[in-house]
Amino acid sequence: MIVMEYAEQGSLRKLLDSKYSELDLASKIANLYYIANGLDAIHKANLVHKDLHSGNIVNQNKFSSYIIDFGLCKLVLQDPSSKALFGVLPYIAPEVLFGKEYIQESDIYSFGIIISEVFTEYPPYYNIPHDKDLAACICLGYRSKIRCEVPQLLLDLMNGMLRCRTSKQVNF
């Protein structure tokens, strides 16, 4: 059991749904900084989260994010023979959908999706069913088009995180 402070704002997803118009560029970047910092700590401990999405990030206020739900968190290369698929489909890296093991880079892919979510306000692929067809599209390299103003540095960072060999930019 982990005891932690009450997260006044709830999940990051809830914060984006209820207070997106109140978040300025600095608070969005601060949220991403805290998420990146938490993910870095997880990876420095030689762990993989395996279920990183906006519902597993909580906020005490509008700018401080904390990663939670370590139920699937495992040591890197622990049980690499396991082909079990975990997580929320739009956040799962294509190589994991192809049957490869979760690795730290899989968490980085999920973080790239979260970056997009923080800047667009919308969950990934919010307007299409999260089913086997979406999984196939993700494996083929399809990505949601970002429809808002995002600083070029963050776009470059996000595109680097989401890039796969056959990636294409497609509107869903």
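Residues numbered from 1 in each chain as written. Predicted model: local features only at pLDDT ≥ 70, side-chain atom pairs only at ≥ 80, totals over all residues. Heavy atoms only, no water.

> I tried to follow the sheet that holds strand β3 (residues 57–59) on my own but got confused; where do I start?
Picture the strands of a sheet paired through backbone hydrogen bonds; they go either parallel or antiparallel. Read across the sheet, 3 strands follow the order β1-β3-β4 without closing on themselves; strand pairing throughout is antiparallel. With partners counted over all chains shown, the strands left at the sheet margins are β1 (10–11) and β4 (65–67), one partner each. Here β3 pairs with β4 via 3 bridges, running antiparallel. In the sheet register, Val58 faces β4, and the bridge partner there is Tyr66. Sheet strands touched by helix α2 (residues 25–44): β3 and β4. Its angle to β4, the strand with the most contacts, is close to 25 degrees. (Pairing = 2+ DSSP bridges. Helix = DSSP H or I, 4+ residues; strand = E, 2+ residues; numbered from the N terminus. Contact = heavy atoms within 4.5 Å. Axes fitted to C-alpha atoms, helices over the stretch in contact; angles between N-to-C directions.)

> Sorry, what's going on with the packing of aromatic side chains here?
The description of an aromatic ring pair uses the distance of the two centres, along with the angle that the planes make with each other. Evaluation of the coordinates by the stated rule reveals 2 aromatic pairs. Judged by centre distance (5.5 Å) and plane angle (75 degrees), the rings of Tyr33 and Tyr34 are edge-to-face. Residue Tyr33 is classed as exposed on the basis of its relative accessible area, which comes to 51%. You can call Tyr34 partly exposed: its relative accessible area is 31%. With 4.6 Å between their ring centres and 20 degrees between their planes, Tyr122 and Tyr126 make a pair best called stacked. (Phe/Tyr/Trp six-rings, centres within 6.5 Å; stacked < 30°, edge-to-face > 60°. Buried < 20%, exposed > 50% of the residue type's maximum accessible area, 1.4 Å probe, protein only.)

> Looking at this structure, I do not really get the nonpolar core. What am I missing?
Most often, soluble globular proteins have nonpolar side chains that are buried together. Ranked by internal contacts, the top residues of the largest apolar core, which has 32 residues, are Leu12, Leu32, Ile35 and Ile114. At the level of secondary structure, the elements contributing two or more residues to this core comprise α1 (12–19), α2, α3 (94–97), α4 (104–120) and α5 (132–139). Ranked by the residues each element gives to this core, the list is headed by α4, at 7 residues. What Ile114 contacts, discounting residues up to four positions off in sequence, is Leu12, Leu32, Ile35, Leu52, His53, Ser54, Ile57 and Tyr91. (Core = buried A, V, L, I, M, F, W, Y, C linked by side-chain atoms within 4.5 Å.)

> Before we go on, may I ask you to explain α2 in this structure?
It helps to recall that an α-helix has 3.6 residues per turn; residues three or four apart then point in one direction. The first and last C-alpha atoms of α2 sit 28 Å apart over 20 residues, in line with the 28 Å expected at 1.5 Å per residue. Those residues of α2 that fall on the buried side of the exposure criterion are Ser27, Lys28, Ala30, Asn31, Leu32, Ile35, Leu39, Ile42 and His43. Buried residues in α2 make contact with α1, β2 (47–48), β3, β4 and α4. Where α2 ends, the next residue or the one after it, Asn46, has phi of about 65 degrees, a positive value. (Expected span 1.5 Å × (residues − 1).)

> Help me understand α4 in this model?
A rise of 1.5 Å per residue sets the reference length of α4, with its 17 residues, at 24 Å; its end C-alpha atoms lie 25 Å apart and thus fit the reference within 8%. Counting buried residues along α4, 14 of its 17 residues qualify, which places the element largely inside the surrounding structure. Phi for Glu121, located one or two positions after α4, is positive at around 85 degrees.

> Please clarify how empty space enclosed by the protein should be interpreted in this entry.
Left-over empty space is what a probe sized like a water molecule reveals as it rolls over the atoms. Counted according to the given criterion, the structure contains 1 cavity of 30 Å³ or more. Volume-wise, the largest cavity comes out at about 70 Å³. Of the residues contributing to the lining of the largest cavity, the split by class is 7 nonpolar, 4 polar and 3 charged. (1 Å grid on protein atoms, 1.4 Å probe; cavity = no way out; pocket = protein on both sides within 12 Å on 5 of 7 lines; lining within 4 Å. Points joined across faces, edges and corners; volume = space filled by probe spheres on them. Nonpolar A, V, L, I, M, F, W, Y, C, P; charged D, E, K, R; others polar.)

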